[in-house]
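Structural characterization, general
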Protein chains: 2
Amino acid sequence: MISKRTKYGLKALGYLAEQYGKGPVLIAEIAEQKKIPLKFLENILLQLKQNNILESKKGKGGGYMLALHPKKTSLASIYRIIEGPIAMMPCVSLNFYEKCKDCNEAYCGLNRVMIMTRDATLKVLEKRTLMDLADEPQMI
Amino acid sequence: MISKRTKYGLKALGYLAEQYGKGPVLIAEIAEQKKIPLKFLENILLQLKQNNILESKKGKGGGYMLALHPKKTSLASIYRIIEGPIAMMPCVSLNFYEKCKDCNEAYCGLNRVMIMTRDATLKVLEKRTLMDLADEPQMI
DNA sequence: AACACAGTCCACTAATCTGGTAGACAAATT
DNA sequence: AATTTGTCTACCAGATTAGTGGACTGTGTT
């Protein structure tokens, strides 16, 4: 299960994807629309900015916006920034690899299975982008 | 990322799959072979027994053994017992579903994507069994 | 009956992570 | 100068993780 931090981050990015091209969006607006605690969201967006996913503008008329077109940023890259490894164990992670001590990976049954699940998840998250996070317009 | 508890549990089950049909195996033997802290492992195996994955026998000649043939138990069922939901969010979980408040699932972009990753992971974990956890014999 | 063996169960701990909150500060605009 | 908006630091309560210790219970052997 992902943390609320990651969930909030993805929700916010979905909102920014919907608003793409319309200029900066206020943190407060995102927080209100997506029901995310304001100060918590501030922190998450800052992290995304520091990782070049978002751009910001201070002062009146300021806010946050996507650094790239929503189709250009994969969900995998966001996941890795906020949540960390996509793989279920460090010894099968591509971006956060750590050798499994007390275990020879070449013969490890668990290792093989975990690589399969990693690849299955990755196939989805590498293909899908911020564009896919945009909510469908709701008729009221 | 899965917890060490889940990792240890899977490792132990892999060992019991290797030893299937040979009678009860001591906790101490599993702990030593798989480098798992003994008392921690005791606790994990007990949980697996209480969920009918394992059978046990006390006293001399006792130990733990698989309740079923290793091919009969999916990794998904083990994962759900030890780690919990396979899905990344409660609102897309099949076995641990919780409605997402402040969000209409029918229109939620994140929901759709999370269902895709859930299904991708599930396809692997439902198909693979304890049999797949058995390590390959190592030539020494 | 006594003993050793091996799983069961309960209580406790230290360290880390999660999900926040508060407040001062810095930059941009009016 | 005043207002707006993001930036940064610090702090916190509660839950979770990864264990450890010790007493208890059931089983088989002598």
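Description of the structure in this document. Values in this document were obtained by computation on a predicted structure and should not be read as measured data. (Residues numbered from 1 in each chain as written. Chains lettered and ligands numbered in written order. Predicted model: local features only at pLDDT ≥ 70, side-chain atom pairs only at ≥ 80, totals over all residues. Heavy atoms only, no water.)

**Re the relation of the copies chain B and chain A**
Here is the rule: A least-squares superposition brings the copies together, and it is based on the C-alpha atoms of residues with pLDDT no lower than 70 in both. By definition in these notes, contact holds between two residues if any of their heavy atoms fall within 4.5 Å.
Rotating chain B by 180° and translating it 0.0 Å along the rotation axis places it on chain A, where the RMSD comes to 0.0 Å. In short, the pair behaves as if placed about a two-fold rotation axis. Closest approach to the rotation axis among the C-alpha atoms of chain B is made by Ala120(B), whose C-alpha sits 2.7 Å away. An overlap of 100% is found between the interface residues of chain B and their copies at the interface of chain A, pointing to a shared contact surface.

**Quick look at the side chain of Thr73(B)**
Rules: Runs of E in the DSSP output that reach at least two residues are strands. Runs of H or I that reach at least four are helices, and both are numbered from the N terminus.
Take Thr73(B): it is sitting in the loop between strand E2 (63-66) and helix H4 (75-82). In this structure, Thr73(B) is in contact with Ile53(B), Leu68(B), Ile78(B), Arg128(B), Thr129(B) and Leu130(B), ignoring residues within four places of it in sequence.

**Structural notes on the protein's contact with DNA strand D**
Stated precisely, the cut-off is as follows: One heavy atom within 4 Å of a molecule or strand is enough for the residue carrying it to be called near that molecule or strand. We define a polar contact as two N or O atoms separated by no more than 3.5 Å, with the added condition that, inside protein, one atom must be a possible hydrogen donor and the other a possible acceptor, whereas residues neighbouring each other in sequence contribute only through side-chain atom pairs.
Surveying the vicinity of DNA strand D reveals 25 residues, the closest of which are Lys49(A), Ser56(A), Tyr64(A), Lys39(B) and Phe40(B). Within 4 Å of the protein, atoms of DNA strand D come from sugar and phosphate in 70% of cases. In the model, a phosphate oxygen of DNA strand D is placed 3.1 Å from a nitrogen or oxygen of the Gln50(A) side chain. Here a sugar or linking oxygen of DNA strand D and a side-chain polar atom of Lys58(B) are 3.2 Å apart. The biggest single contributor to the surface near DNA strand D is helix H3 (residues 38-50) of chain A, with five residues.

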